[in-house]
Each structure stands twice: as structure tokens, then as C-alpha cells.
Amino acid sequence: MKFGKEFVSQMVPEWQAAYMDYTSLKTLLKEIHVFKQKKSQPDTPTRALSLYRSFSGLIQRQHLDYHDHHDVEVDEAILVNSVQENGSGKFVTTFLIAAGDGADYEQEFFRMLDKELNKVDEFYRSKVMEVVAKAEALTKQMDAFIAFRIKTENKEVDFDVSTSTSSDDSRFIGTTEDSNEFRNIRIASLEVLDHVKLNQAIRNPFPSAKVYCVSINKHTQLNFTRGNLKKIRNQLKKAFVEFYYQLWLLKNYSFLNILAFYKIMKKYDKVTKLMERVEATFIKHFSNSNRSKGMNKLRPRTKKEKHITSFTTGRYIYLAGLFAGGTAALILALIITIHARDILNKEGSVQYMESMFPLYSLFGFIVLHMVMYGANIYYWRRCRINYTFIFGFKQGTELGFRELLFLSFGLATLALISVISNLDMEMDPKTGDYKALTELLPLGLVMLVMIVLLCPFNILYRSSRFFFLTTLFHCICAPLYKVKFQDFFLADQLTSEVQAFRSLEYYICHYGWGDYKLRQNTCKTNHVFNTFYFIVAVIPYWSRLLQCIRNRFDDKRNPMHGYNGLKYFATILAICSRTAYSLDKGTSWKILAWTFSALAAIYGTYWDIVVDWGLLKRQSKNRWLRDKLLVSYKSVYFGAMVLNVLLRFAWLQTVLNLNLSLHIETSIAIVASLEIIRRGIWNFFRVENEHLNNVGKFRAFKSVPLPFSYDEE
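Residues numbered from 1 in each chain as written. Predicted model: local features only at pLDDT ≥ 70, side-chain atom pairs only at ≥ 80, totals over all residues. Heavy atoms only, no water.

Here's the deal with the overall build of the chain
Item 1. Scanning the chain from terminus to terminus reveals 24 helices and seven strands.
Item 2. Counting all 713 residues of the chain, 45% fall into the buried class.
Item 3. For the chain, restricting intrachain contacts to residue pairs at least 6 apart in sequence, the fraction spanning at least 24 positions comes to 73%. (Helix = DSSP H or I, 4+ residues; strand = E, 2+ residues; numbered from the N terminus. Buried < 20%, exposed > 50% of the residue type's maximum accessible area, 1.4 Å probe, protein only. Contact = heavy atoms within 4.5 Å.)

Points about helix H18 (residues 498-512)
Item 1. End to end, H18 covers 21 Å across 15 residues, agreeing with the expected 21 Å (1.5 Å per residue, within 8%).
Item 2. The buried count for H18 comes to eleven of 15 residues, which makes it a mostly enclosed element.
Item 3. When we look at burial in H18, the residues that qualify are Val498, Gln499, Ala500, Arg502, Ser503, Glu505, Tyr506, Tyr507, Cys509, His510 and Tyr511. (Expected span 1.5 Å × (residues − 1).)

Here's the deal with the state of the cysteines
Item 1. Taken as a whole and judged by the stated rule, the model has one disulfide.
Item 2. Between Cys509 and Cys523 runs a disulfide, and the two sulfur atoms are separated by 1.9 Å. Handedness of the Cys509-Cys523 disulfide follows from its S-S torsion of about -110°: it is left-handed. Placement of the pair is Cys509 in helix H18 and Cys523 in the loop between H18 and helix H19 (527-554), with a sequence separation of 14 residues. Across the pair, exposure class does not vary: Cys509 and Cys523 are buried alike.
Item 3. Of the cysteine sulfurs around Cys475, a residue in no disulfide, the closest is that of Cys477, at 9.5 Å.
Item 4. Looking at Cys477, the relative accessible area reads 16%, which means it is buried. (Disulfide = S-S within 2.5 Å.)

So, the packing of aromatic side chains
Item 1. Throughout the structure, instances matching the rule amount to 30 aromatic pairs.
Item 2. Ring plane angle 65° and centroid distance 4.8 Å describe the contact between Tyr19 and Tyr253, whose orientation is recorded as edge-to-face. Remark: Tyr253 occurs in helix H6 (residues 226-261) and Tyr19 occurs in the loop between helix H1 (3-9) and helix H2 (22-38); sequence separation between them is 234 residues. When sorted by exposure, Tyr19 lands in the same class as Tyr253, which is buried.
Item 3. Taking NZ or CZ as reference, Lys556 lies 4.4 Å from the ring centre of Phe553, over its face.
Item 4. Note that Arg679 overlies the ring of Trp682, its terminal NZ or CZ placed 4.6 Å from the centroid. (Phe/Tyr/Trp six-rings, centres within 6.5 Å; stacked < 30°, edge-to-face > 60°. Lys NZ or Arg CZ within 6 Å of the ring centre and 35° of its normal.)

Re the side chain of His691
Item 1. The topology assignment puts His691 in helix H24 (residues 664-696).
Item 2. Looking at His691, the relative accessible area reads 3%, which means it is buried.
Item 3. Residue contacts for His691: discarding those within four places in its chain leaves Pro13, Glu14, Arg384, Ile385, Asn386, Ile390 and Leu630.

A short note on the packing of helix H15 (residues 441-454) against helix H16 (residues 462-476)
Item 1. Where H15 contacts H16, the axes come no closer than 9 Å and their chain directions differ by 100°. With respect to their mutual orientation, H15 and H16 come out roughly perpendicular. Packed against H15, whose contacting residues are Val452, Leu453 and Leu454, the element H16 presents Arg465, Phe468 and Leu469 at the interface.
Item 2. Looking at the contact of H15 with H16 residue by residue, the classes come out as five nonpolar, no polar and one charged. (Axes fitted to C-alpha atoms, helices over the stretch in contact; angles between N-to-C directions. Parallel < 35°, antiparallel > 145°, perpendicular 65-115°, else oblique. Nonpolar A, V, L, I, M, F, W, Y, C, P; charged D, E, K, R; others polar.)

With respect to the nonpolar core
Item 1. Of all hydrophobic cores here, the largest spans 52 residues; its most connected members are Trp15, Tyr19, Phe145, Tyr253 and Phe708.
Item 2. Put simply, the parts of the chain that give this core at least two residues each are helix H4 (103-153), strand E4 (196-198), H6, helix H7 (268-286) and helix H8 (291-298).
Item 3. Residue contributions to this core peak at 17 residues, all from H4.
Item 4. Beyond its immediate chain neighbours, meaning those up to four positions away, Phe708 contacts Gln141, Ala144, Phe145, Phe148, Val196, Lys197, Leu198, Asn199 and Ile232.
Item 5. Counting residues in hydrophobic clusters, the runner-up holds 33 residues, among them Phe391, Leu399, Tyr461 and Phe685. (Core = buried A, V, L, I, M, F, W, Y, C linked by side-chain atoms within 4.5 Å.)

Some remarks on unusual backbone geometry
Only a minority of non-glycine residues have a phi that is not negative, and only a minority of peptide bonds are not trans.
Item 1. With an omega of 10°, the peptide bond between Ala478 and Pro479 qualifies as cis.
Item 2. Within the fold, Pro479 resides in the loop between H16 and helix H17 (485-495).
Item 3. You will see that Arg384, though not glycine, has its phi angle at about 55°, which is positive.
Item 4. One can find Arg384 in the loop between helix H11 (357-382) and helix H12 (387-391).
Item 5. With phi around 50°, Leu460 is a residue other than glycine that occupies positive phi space.

Let's talk about H15
Item 1. Over its 14 residues, H15 runs 20 Å from end to end, which matches the ideal 20 Å to within 8%, given 1.5 Å per residue.
Item 2. Those residues of H15 that are buried lie in contact with H11, helix H13 (401-421), helix H14 (436-439) and H18.

A few points about the pattern of salt bridges
Item 1. Following the criterion strictly, the structure yields 13 salt bridges and no others.
Item 2. Two residues, Lys127 and Glu130, come together in a salt bridge whose shortest N-O distance is 3.6 Å. Placement of the pair is Lys127 and Glu130 together in helix H4, with a separation of three residues, close to one helical turn.
Item 3. For Lys127, a relative accessible area of 8% translates into the label buried.
Item 4. Among the residues examined, Glu130 registers a relative accessible area of 35% and is labelled partly exposed. (Salt bridge = Lys/Arg side-chain N within 4 Å of Asp/Glu carboxyl O.)

Focus: a nonpolar patch on the surface
Item 1. A contiguous nonpolar surface patch, about 600 Å² in accessible area, is contributed by Leu414, Ile417, Leu448, Val452, Phe457, Ile459 and Leu460.
Item 2. Among the secondary structure elements, those contributing two or more residues to the nonpolar patch are H13 and H15.
Item 3. Structurally, Leu414 is set in helix H13. (Patch = residues over 30% accessible without salt bridge, like charges linked within 9 Å, V, L, I, M, F, W, Y side chains within 5 Å. Areas by Shrake-Rupley, 256 points an atom, 1.4 Å probe, with all protein chains shown as cover.)

Remarks on the environment of Ile331
Item 1. Mapped onto the fold, Ile331 is located in helix H9 (residues 310-340).
Item 2. Remark: the alpha-carbon pair of Ile331 and Ile417, spanning 86 residues in sequence, is separated by 9.6 Å.

Describing the packing of H13 against H15
Item 1. One way to put it is that H13 packs onto H15 with a least axis distance of 9 Å and a crossing angle of 165°. On the basis of the axis angle, H13 is roughly antiparallel to H15. In the packing of H13 onto H15, the handedness of the crossing is right-handed. Listed contacts from H15 to Leu411, Leu414, Ala415, Ser418 and Ser421 of H13 are Leu441, Leu445, Leu448 and Val449.
Item 2. Looking at the contact of H13 with H15 residue by residue, the classes come out as seven nonpolar, two polar and no charged. (Left-handed = near helix turned anticlockwise from the far one by under 90°.)

Some words on the environment of Lys140
Item 1. Locating Lys140 in the fold gives a position in helix H4.
Item 2. Between the C-alpha atoms of Lys140 and Val192, which are 52 residues apart in sequence, the distance is 9.1 Å.

Considerations on the confidence of the model for the chain
Item 1. For the chain, per-residue confidence averages 77 on the pLDDT scale, and 73% of positions sit at 70 or higher.
Item 2. Put simply, strand E5 (residues 213-216) is where the chain has its lowest mean pLDDT, 32, and H17 is where it has its highest, 95.
Item 3. Low pLDDT, under 50, characterises residues 202-220; the stretch is placed with 33 contacts to residues that sit more than four places away or in other chains. (pLDDT = per-residue confidence, 0-100.)

Some remarks on the environment of Ile670
Item 1. Following the sequence through the fold, Ile670 ends up in helix H24.
Item 2. For Ile670, a relative accessible area of 41% corresponds to the partly exposed category.

Written out as C-alpha cells, the structure reads:
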């Protein structure tokens, strides 16, 4: 792979604008070369020597400190000046050989080189200042943690600062900007506990839970319990891992630009030393002095698929392809069987559609959603969208699109086998019912999916299943937990799976209170079932509404969370009115269904396009879109907006009672599938917009809250 492509592929996506513009510089050099060839100067020794000396001067100046050297003339080719601008030093290069053909190109080249050099240098210095400040903050946190731990464990230790030894007893090393940039800070005494208190994130994850500290006068009396110690330790552990990841990103940023500039950063060693100190502290305090264990937790793990053998990668591709082919073959076999046996015209077909079709449609909704999400991942990767950071996936544990296609087509294959095995339209004349085994196939498949999902053993992507279940638990418990991106993203996915939840409700009724052997039940006429038919549809939107309320509580200055909550409240009213109209075809319900559904659809469409996707900006560089686009073709964005509007109004079929010559269950399944497709389209542009927001703020790592806050007085 050429250096230019390798350089781009290894960039931190959120920092892409802060890297050296290697492509533009390379293009300008090519223009210089072409110009000289046209002027018959390619082999002129003097010009070649001058350009070589210019590059040599560029390389030499990287080793000069502009605080000590202000004007440097290198081989009479370039003059390097250091100027102070806005309180910071910058490099300015004067091209001395200004005569002759091509000199303007070369001067432009060095002006661009200065611009890129100063951009990288300024960004790097700002990030180094941030990590130094974080290092000092973590030093204070370690002071409090060690004192808290000793106080909790009731150890009698002499903490005379004048006689305390150095970092060998575990102190994290802080830094200052004097001549001795790194210095040891000795162990703090237990008196540090008089000046700290536990932060809210440690004290109580639930707003109404009992706090772990009690205020007295100016300071806070800490509750020295093993439980608090464990929480503090876990919080600091996360902070150290994230801080080390930040240092790792910064070191790689420096390294990539060093390859392009040839050792441009003078403070590279400073970050390296900080990393060594973080490693030493983390290994001693959070890994029981086990270096191998500690480094495995600290170092970001590369995506596993890059390190697995070609056989394993090929195996996933083979299995996904096998299941995809099996799915296609089974669908074809199902169609042929239906036509060959003339099933649609048999007496039991209507009963089958009413009793069995809702059971199997559940798997169709799940598989379609998984395929759409797999497609999302594929295109996020192609567009270099850092979705793993956005969702907070643990490094190296996220599922790729191959794994998702493998799982989705595998489930589809099992579901279709069950359908084909259960196509009997007539009862057994001897027993007077259908075969019990085949009638139980859908329930058995649901139980299999639940067993795999909840399986505690390390098989079938346990870390991903645990992440999903944890996020789902946060959605269910809204608004008790602080809402993260993955929480509301999953809740939004669930709002598009309303019909799947209703199918689960039907499973309980059909197998619990109906006679599944006769394919008979009274679910649709049961008042309890109809009541839960409302409740089940509202739950996902209610969870999302509670998340908006929690966001409004946490971020009181941002009213957008409140407006977003109103959108979900309007959708709840629309779903309730449409459901009531489907059960009781009354004029009043029809009017309410039209009113609330239209309001919710218009509100939701506007929010999708303008707020979630960040589009329809009239004054942007890309008219009616936004300034930055990661998809090359603008027509994709306009097409997505049109599709979103059309699919948002798919509910019209339920109100207009269009005669589509389809069974009601088929119509419901089609409308539900269209909503899942709309959600898949929404997913891509929502995450793209979030990624661009991170890029605009150079946000490439998480901010982990610390357990202690100091009384600065």
C-alpha cells in the first residue's frame, strides 16, 4: 500500500482535519516536476541541488527549538524564522532562490509546508497540555484513593511527607513545565481526605438512592466502606484505561505526522514518559502488579478480524454465504410448495394466517433489522465513520457485518425450515388436531433465541450479548440511568419493532390460553389482550420519552431534549388512536387517528432530517444539505430524505383501509417491515452526523468521570 493511502487509513477519524495534508503537498510537488519537464529543466544540477538543500533544511529545522533559535539560514536554500503570533511560536520559511522558472511553485510549496507544520504543531501542543492537566488530576485522584483505601482497611501507616518515599510506592507521576519536566510527587497523607468528597456519579447511580456521604460544615465526612472502595477503584480503573487510550491516540498521531514531516514534534518523548508512568501506576494498583494482565487491559486491542487467520475469516464468509444461500433456497422452496399444493385456496389458509403467521413474522422482523444493521456497519466502515467509539464498544469486541449476516441468515434459515415443516392446512383425521411437534416449532425457536441471548458461557459473542443486554436494561430502567448514545439509539430501534413486541404478546396468548393443537384462540376478542396490545406498543416510545426527560434534567440549558420528548409523546397519542381505530372502527377514533398521526409524522420527519441528520441547511456549502458530507454523491442524501418522508407516512394504509387484496396480517407485516427499513436508513445518517460532530470537536476518546472532587479552598 502506498504511503498516502496508509497515512489516511491510520488516521484518527475525528482528528482528520488536524493531520498534515499529505495529498495536497504531493500534488504540488508533482506540478513542480511537470513544470520543470516542460521547461526542459529536469536534470539541471543547480536546481536539483537547491531543492535537495531545501528539504535538508526542513529536516534540520525540526531539531531546533524556536525559543532559542530565531533565524536560521540552511545551505543558502531556505531561511527558517520563528515568529511569535497570538502568544505562540510559529515557523516561517523564506525561499532564498527566488529566480528562475518554477520558483513561484517552490515558494508556494514551502508556504503550504509551513501552514501544515504549524497546524500539526499547534494541535499537538494543545493536546499535550490537556493530557498533562489530566495527569495532574489523576495524581490527585490517586492521592485520595490510596488514603481512602488505607483508611478503609484500617492500616496503621506513618505518612510523614518528608520521609515518604517516591513513586515506587505507587504514586502516579505528575508533570510540570519547568526545566525538570517530570518530577516525583510523594505520597499524600491521610489529611487529603479532609479536602475531598465523593462525586455524584460514585455516590448514587439512581436519583432517589441513598447517598454514601454526609455533609458536615465545610467538608464531607466520607463513608469508608468496602462497597465504596470497590466503586472508586472501578471508576479510577476506567479513567486510567481511557487516559492511556488518549495517550495512545496522541502518540500515534505524532508518529504518523513524524513519518510525513520527519520528527517534527520535539515533545514526543514527553508523551512516551507519561505513558510509562500510567502503565506503572495501573499495573500496581489495578492489576495486582501483573504487568501482562495490566497491559492487556490498557492497550487498545485491534479489531480481531485483522489478526485472525484467513481460514477463520473465510469461515465466516463461507458460513454467511451458506446461510444466505440456504435462506434464498428455502424461500424459493416455500413459494413453490404454496403454489404446488394450492395452499392459499384451501379451507385452513385463513385460519393459518390468523393464528400461525403472526408467530413466524416475528423472525422476519428480527432478521430484517439485523440485515439492515449489518449494512449500516458495512457502509460506516467504508465511509470511515468511527461507530465503535460512538457506541462505546470495547476495543476489539464489536461485531462486524460478516458476523451479523452470519447470525441473521442463520436465524432466517431456522425460521424458514420451521415454516415449511408447519404448512399443514388440514387436521389429522385420526386425532382431530394438528401435529403437536410442528405446532411447537415457533415457540421452540423463540426459546432457543432467548437461551443463546442469555447464555453466560463465552460462546457466540458473549461480550456483544452482554453489551446489548446492559444497554437494554438501561432503556427499561429509564430515567434512572444517565442516557448515553447507545442507550437512546437502542431505544429508537425498539420503537421500530412495535409489531415484533405485539407478536411476543401473541405468543403468550396463543400458547398460554389458546389451543395451539387446533390453532384456535380468543386473543383478538379478549379485553386483557387488547389492553396489553396498547401497552406493548407504547412501551418503547414511553422509554424514549423518559430518556428525553432525564436528558432535560441533566442538561437544563438545552431545551432540545424537551422538544424531542414532545415528539415521542405525540407519537404515543398517534399509536394509541390508530390502535383504537383498528379495534373499533368509529368515526371519532378515525378523526383522532388522522390528527395525531399526521402531527407525529410531520414532527418526526422534520426532526429526522433537520436535527438527527443535520440536513436542510440552506446556507451550507452543499445547498440544502450540510457543509461536510461523507458520502460522495449528494443524490444519496436527497433520496434518503424523500424515502424517509414516504416511509414515515406508511401508516396511512391503516387509516385509509386501502383494499390491497391482502390479508390484514400481511398488510401489517409489510407496514412494519417498511418502518424497519426506514430505521435502517435513519441509522446511517444519524451516526454519520454524530461522527461529524465529534470530528468538529476533535473528540476521539470518552470523558470518564472521576470519583473524587477536591475542595480547592
